[in-house]
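# A look at the structure
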Amino acid sequence: QVQLVESGGGLVQPGGSLRLSCAASGSIFSIYAMGWYRQAPGKQRALVARISRDGYTYYADSVKGRFTISRDNAKNTVYLQMNSLKSEDTAVYYCNAASGSFSSWGQGTQVTVSS
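So, here's what we can say about the structure. (Residues numbered from 1 in each chain as written. Predicted model: local features only at pLDDT ≥ 70, side-chain atom pairs only at ≥ 80, totals over all residues. Heavy atoms only, no water.)

### A word on the overall build of the protein chain
We count it as follows: Here a strand is any run of E in DSSP of at least two residues, a helix any run of H or I of at least four, and the numbering for each starts at the N terminus. A radius of gyration in this sense is built from C-alpha atoms; the matching globule rule multiplies 2.2 Å by the number of residues raised to 0.38. Only heavy atoms enter the contact rule, under which two residues are in contact if any of them lie within 4.5 Å. The method behind every accessible area is Shrake-Rupley, applied with a 1.4 Å probe, and residues are considered shielded solely by the protein chains displayed. In this count, Lys and Arg are taken as positive residues and Asp and Glu as negative ones, while His and the chain termini are left out. Where a charge lies is defined by one atom per residue type, namely NZ (Lys), CZ (Arg), CG (Asp) and CD (Glu).
Helix and strand counts for the protein chain come out as 0 helices and 11 strands. When the helices and strands of the protein chain are listed from N to C terminus, the series reads β-β-β-β-β-β-β-β-β-β-β. In terms of overall dimensions, the protein chain is globule-like: its C-alpha atoms have a radius of gyration of 13 Å, near the 13 Å expected for 115 residues. Dimensions of the protein chain along its principal axes, counting C-alpha atoms only, are 40 × 25 × 20 Å. Considering only intrachain contacts with a sequence separation of at least 6, the fraction spanning at least 24 residues in the protein chain is 53%. When the accessible area of the protein chain is evaluated, it comes to approximately 6,000 Å², of which 46% is carbon and sulfur surface. The centroid of the 11 positive side-chain charges in the protein chain is displaced by 1 Å from the centroid of its 6 negative side-chain charges.

Rendered as structure tokens:
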């Protein structure tokens, strides 16, 4: 089983940048597909970006061209670089690890985009 801890959230002005990190422990990190999800108040949790074991990436349309997901298997960490942030990016961001039927979530980190 893998444990996930997110960090890097905070308050940023519109147009600014943040980098989220998700550190994994307890299992072989490289076997998991990793994803970042977000949940805004009153809304369902939604996929933001995903990276496969082999490094293939997927982005939600709303973040394409602004966000970049990456992973460092040597550091057991996945990152989400967020640029050109908008107020609608405000949400709790969650890290997810998935392999087959297994799925694990982090506790989430708050991102607030506001002037």
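Still to come is the rest of the account.
### With respect to the sheet that holds strand 7 (residues 67-72)
Note the following rule: Two strands pair if DSSP finds at least two bridges between them. Every axis corresponds to a line fitted to the C-alpha atoms, with the helix fit spanning only the stretch in contact, and the corresponding angles, defined between N-to-C directions, vary from 0 to 180 degrees.
Spatially, 4 strands are ordered 1-3-8-7 in an open sheet, and the strand pairing comes out antiparallel. Each edge of the open sheet carries a strand with a single partner, namely strand 1 (3-7) and strand 7. Looking at each pair of strands side by side, their axes are set apart by 15 degrees on average, direction ignored. As defined by bridge partners, strand 3 (residues 18-25) adjoins strand 8 (residues 77-82) across 6 bridges and the pair is classed as antiparallel. Considered in strand 8, the bridge of C22 is made with V78.

### Focus on the environment of T68
Counting through the fold element by element, T68 comes out in strand 7. As a C-alpha pair, T68 and R19 span 49 residues in sequence and 9.3 Å in three-dimensional space. Ignoring anything within four residues of it in the chain, the contact list for T68 reads Y59, Y79, L80 and Q81.

### Details of the state of the cysteines
The condition that has to hold: Here, a disulfide means two cysteine sulfur atoms that sit within 2.5 Å of each other. Partly exposed describes any residue whose relative accessible area lies between the buried limit of under 20% and the exposed limit of over 50%, with all areas from a 1.4 Å probe on protein chains only and scaled to the type maximum.
The full count for this structure, using the stated rule, is 1 disulfide. Sulfur-sulfur distance for the disulfide between C22 and C95 comes to 2.1 Å. Its S-S torsion of approximately -85 degrees makes the covalent link between C22 and C95 left-handed. You can see C22 sitting in strand 3 and its partner C95 sitting in strand 9 (residues 91-99), a full 73 residues away along the chain. For the residue pair C22 and C95, the accessibility class agrees, reading buried in each case.

### Section: the pairing of strand 4 (residues 33-39)
Counted residue by residue, strand 4 has 6 buried out of 7 residues, so it is predominantly covered. Sheet topology note: the strand 4/strand 9 ladder contains 7 bridges and is antiparallel. Paired with G35 across the two strands is N96, which belongs to strand 9. In terms of strand pairing, strand 4 meets strand 5 (residues 46-51) through 5 bridges, oriented antiparallel. Looking at strand 5, one finds that Y37 is bridged to L47.

### With respect to the environment of T77
Our working definition: Counting of polar contacts relies on pairs of N or O atoms within 3.5 Å, with two restrictions inside protein: one atom must be capable of donating a hydrogen and the other of accepting it, and residues adjacent in sequence are counted only when both atoms are side-chain atoms.
The residue T77 is located in strand 8 in this model. Here T77 falls in the buried class, since its relative accessible area comes to 10%. Along the primary structure T77 and R53 are separated by 24 residues, whereas in three dimensions their C-alpha atoms are 12 Å apart. Aside from chain neighbours lying at most four places away, what touches T77 is S21, C22, A23, F29, S70, R71 and D72. Polar side-chain contacts of T77 include one of 2.8 Å to the backbone oxygen of K75.

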